[in-house]
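Per-entry structural report
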Amino acid sequence: MAPSMDVQQLGNLLRQLGFRVVSLIDLTREEMMAAIDMFVDLLDKGVYGLFYYAGHGYERSGRNYLVAVDAPPTLPDQGLCEDAEAFEVQDGGKSTGIFTKYLNKHILKSWKVTHVLEQVSEDLGLDPLVNGRQAVEIKHTLKEPRSLTDRIRTTGHTRELHLRDKCWRQANALPGTRRLSFGCGVQVDLSFSALFSNVMVVFGTVKTTDPKTQDCSVTLSSRPTMDDIFSGPGRSEVDSLLDSNSDSLDCVLRLCSLQNLQQSLVITVDLHYTHLDSKLRLTESQKTDIG
């Protein structure tokens, strides 16, 4: 789970610096190429862009390659260094990549980008877990001192700013909270959050009940069905990324691989309750199209 945690944590830090973040996980080669093409299209003179990849990679003939989720299982030298592993560390119960651990430590500082990377390299060199086994390779063509904390000037670039803002919103806009009223008098709220740009979480909460209903519960499903790629080992780490008030929620639905959507996404809300007069366990359903 370390790559996913790395993306989440680094994305949060970049947002603090004023970056518009697009975070995508578990992409095929075709999807990776499309994402990189979009990133390149957003670059222009004076634009600050940061591309970060967390996952498997390998080197061949002096060239480095990123490995997509649909890559063949037999790729050479899958690791950052020969005869070395991609090390993870436990940070507050969460697994993170060791490089990201030190990058997160320094990335908010108003240092030159090259200075930040040099400090990360020094920290790695002092870490007994990877000392002598992993090294940071720094290459750059910067001719002026640049920092990720540099102030962004938008004067005279309003049109370009709006275009980039529109592109970002297409990948990150979330539906607003919706309240559904059921025939039995119960009201259920649906709210939405994004773990990553292609992973959305839907929360269902019973807000009001009727005097003749008790033991209300909610289940959520989607059409088309979106597989939960976090349902296996490491799920507890992903759950820790959810809203801190998630204990008060009645149901949580994770929708993954949203980049594959070819149609509108419809959420079905099933309300289960016991009717006090009949003592029967009943179910009412509603559907809502979230686009």
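**Re the overall build of the protein**
Scanning the protein from terminus to terminus reveals 6 helices and 11 strands. Long-range contacts, defined as pairs at least 24 residues apart, comprise 64% of the intrachain contacts of the protein with a sequence gap of at least 6. In the form shown here, the protein has an accessible surface area of approximately 18,000 Å², with 49% of it arising from carbon and sulfur atoms.

**Focus: the packing of aromatic side chains**
The final tally for this structure, using the stated rule, is 1 aromatic pair. Ring geometry for Phe39 versus Phe51: centroids 5.7 Å apart, planes at 55 degrees, classification tilted. One end of the pair, Phe39, is in helix α2 (residues 29-42); the other, Phe51, is in the loop between α2 and β1 (57-60), and 12 residues separate them in sequence.

**Regarding the sheet that holds strand β11 (residues 281-289)**
Pairing within the open sheet is antiparallel, and its 3 strands lie in the order β8-β10-β11. The open sheet is flanked by β8 (213-223) and β11, the only strands paired with a single partner. Within this sheet the neighbouring strands show an average axis-to-axis angle of 20 degrees, counted without direction.

**Here's the deal with the pairing of β1**
Sheet faces and side chains relate simply in a regular strand, where the side chains alternate between the two faces. Where β1 lies against strand β2 (residues 63-66), 4 bridges are found, and the strand directions are antiparallel. Along β2, the bridge assignment pairs Glu59 with Asn64. Following β1, the chain reverses through 2 residues before pairing antiparallel with β2; Ser61 in that reversal takes a positive phi of roughly 55 degrees.

**Section: the pairing of strand β7 (residues 199-208)**
Counting buried residues along β7, 8 of its 10 residues qualify, which places the element largely inside the surrounding structure. Judged from the 9 bridges that link them, strand β6 (residues 187-196) and β7 form a sheet pairing that is antiparallel. Residue pairing across strands places Gln187 opposite Thr208, the latter belonging to β7. Adjacent in sequence and paired antiparallel, β6 and β7 are bridged by 2 residues.

**Considering the packing of helix α1 (residues 2-16) against helix α3 (residues 98-106)**
Between α1 and α3, whose axes approach to 10 Å, the crossing angle comes to 10 degrees. In terms of orientation, α1 and α3 fall into the roughly parallel class. When α1 is examined against α3, the residues Asp6, Gln9, Leu10 and Leu13 are found in contact with a partner set consisting of Thr100, Leu103 and Asn104. Within the contact of α1 with α3, the residues separate by chemical class into 3 nonpolar, 3 polar and 1 charged.

Reading the values: rules and limits
Residues numbered from 1 in each chain as written. Predicted model: local features only at pLDDT ≥ 70, side-chain atom pairs only at ≥ 80, totals over all residues. Heavy atoms only, no water. Helix = DSSP H or I, 4+ residues; strand = E, 2+ residues; numbered from the N terminus. Contact = heavy atoms within 4.5 Å. Areas by Shrake-Rupley, 256 points an atom, 1.4 Å probe, with all protein chains shown as cover. Phe/Tyr/Trp six-rings, centres within 6.5 Å; stacked < 30°, edge-to-face > 60°. Pairing = 2+ DSSP bridges. Axes fitted to C-alpha atoms, helices over the stretch in contact; angles between N-to-C directions. Buried < 20%, exposed > 50% of the residue type's maximum accessible area, 1.4 Å probe, protein only. Parallel < 35°, antiparallel > 145°, perpendicular 65-115°, else oblique. Nonpolar A, V, L, I, M, F, W, Y, C, P; charged D, E, K, R; others polar.

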